[in-house]
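Observations on the three-dimensional arrangement
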Amino acid sequence: LDRSPPPDLKETFAVGPDNPLSGMPPRKFPEEPPIFREALTLYYREMEQLANTLLRIFAVALGLPERWFEDKMDHHMSAL
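The text that follows walks through the structure, step by step, so that each part is easy to find. (Residues numbered from 1 in each chain as written. Predicted model: local features only at pLDDT ≥ 70, side-chain atom pairs only at ≥ 80, totals over all residues. Heavy atoms only, no water.)

Quick look at the overall build of the chain
Helix and strand counts for the chain come out as 1 helix and 0 strands. In summary, the chain has a C-alpha radius of gyration of 18 Å against a globular reference of 12 Å for 80 residues, an excess of more than 25%. Based on the C-alpha atoms only, the size of the chain along its principal axes is roughly 60 × 35 × 20 Å. Looking at the 80 residues of the chain, the share that counts as buried comes to 16%. Restricting to contacts in the chain with at least 6 residues of sequence separation, those with at least 24 account for 47%. Counting only carbon and sulfur atoms, one obtains 61% of the accessible surface of the chain, whose full area is about 6,900 Å². (Helix = DSSP H or I, 4+ residues; strand = E, 2+ residues; numbered from the N terminus. Rg over C-alpha atoms; globule rule 2.2 N^0.38 Å. Buried < 20%, exposed > 50% of the residue type's maximum accessible area, 1.4 Å probe, protein only. Contact = heavy atoms within 4.5 Å. Areas by Shrake-Rupley, 256 points an atom, 1.4 Å probe, with all protein chains shown as cover.)

So, the side chain of Thr41
With respect to the secondary-structure elements, Thr41 resides in helix α1 (residues 36-61). There is a polar contact of 2.8 Å between the side chain of Thr41 and the backbone oxygen of Arg37. The residues contacting Thr41, other than those within four sequence positions of it, are Arg27 and Phe29. (Polar contact = N/O pair within 3.5 Å; in protein donor to acceptor, adjacent residues only side chain to side chain.)

Details of a nonpolar patch on the surface
Side chains of Tyr43, Met47, Leu50, Leu54, Ile57, Phe58, Leu62 and Leu80 sit close together on the surface and give an oily, nonpolar patch of about 730 Å² of accessible area. With respect to the helices and strands, Leu54 occurs in helix α1. (Patch = residues over 30% accessible without salt bridge, like charges linked within 9 Å, V, L, I, M, F, W, Y side chains within 5 Å. Salt bridge = Lys/Arg side-chain N within 4 Å of Asp/Glu carboxyl O.)

Overview of the environment of Pro17
Mapped onto the fold, Pro17 is located in the segment before α1. Classification of Pro17 by relative accessible area gives buried; the value is 6%. C-alpha of Pro17 to C-alpha of Leu80: the two residues are 63 residues apart in sequence and 9.2 Å apart in space. Apart from residues no more than four positions distant in its own chain, Pro17 is found in contact with Ser22, Met24, Arg27, Tyr44, His76, Met77 and Ser78.

The structure is reproduced here in structure tokens:
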């Protein structure tokens, strides 16, 4: 009887920042569906803006200048 665990059958796709200074590899997208690259790029930008807005809120809540985190996040490695 084979008691080895079953293989991992999940599939994933990850995308990081479109910034060579981040240290992340260049983005690669599948060719199909054609809208995938555009949709995911737009979504990534929106999430990046949301993160920056939250960081400004955190800074103010901590009594720091509103843009205190800005120069610490210009080379982030966030991935979706």
